[in-house]
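# Remarks on the overall topology
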Amino acid sequence: MIQSDLIDDILDLSIEGLKYEDKLFQQAEILTIEKIDYTGIGLYAYFRLPHQIFQYRLTEDELRSLFGKNNPMIETVRVVNKSLEI
């Protein structure tokens, strides 16, 4: 289970509505944050993949149908808060 509401929300919103979202949500539910590196303008979150995550793994065909030849990773998320003007 992810210990950060913000990171959990970002993952949920990134997965929501995708084909195979059931498998992806099951994966996200069992992830744990291994390390967070803060930068001056953001952060990098590194996840520990428990062994049981492989039971929810997408097949090569499922990955290809979702991402084509692209890398199936969340690489950049931009969070905007209009009320705080950030």
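I will try to describe carefully the structure that is included in this document. Here the structure is a predicted model, which means the values were calculated and not measured.

Here the focus is the side chain of Glu62. The topology assignment puts Glu62 in helix H3 (residues 60-67). In this structure Glu62 comes out as buried when scored by relative accessible area, which is 13%. At 3.0 Å, the side chain of Glu62 and the side chain of Lys23 are in polar contact. Those residues in contact with Glu62, other than ones at most four positions away along the chain, are Tyr20, Lys23 and Arg57.

With that out of the way, let us pick up the packing of aromatic side chains. Evaluated as defined, the whole model comprises zero aromatic pairs. Note that Lys35 overlies the ring of Tyr46, its terminal NZ or CZ placed 5.0 Å from the centroid.

This part covers the environment of Ser14. Within the element layout of this structure, Ser14 appears in helix H1 (residues 5-15). Separated by 63 residues in sequence, Ser14 and Val77 place their C-alpha atoms 8.9 Å apart. At 2.8 Å, the side chain of Ser14 forms a polar contact with the backbone oxygen of Ile10.

Glancing now at the environment of Asp37. Along the polypeptide, Asp37 turns up in strand E1 (residues 32-38). Since its relative accessible area comes to 29%, Asp37 is described here as partly exposed. With sequence-adjacent residues up to four places away left out, Asp37 is seen in contact with Gly42, Leu43, Tyr44 and Tyr46.

Analysis parameters
Residues numbered from 1 in each chain as written. Predicted model: local features only at pLDDT ≥ 70, side-chain atom pairs only at ≥ 80, totals over all residues. Heavy atoms only, no water. Helix = DSSP H or I, 4+ residues; strand = E, 2+ residues; numbered from the N terminus. Buried < 20%, exposed > 50% of the residue type's maximum accessible area, 1.4 Å probe, protein only. Polar contact = N/O pair within 3.5 Å; in protein donor to acceptor, adjacent residues only side chain to side chain. Contact = heavy atoms within 4.5 Å. Phe/Tyr/Trp six-rings, centres within 6.5 Å; stacked < 30°, edge-to-face > 60°. Lys NZ or Arg CZ within 6 Å of the ring centre and 35° of its normal.

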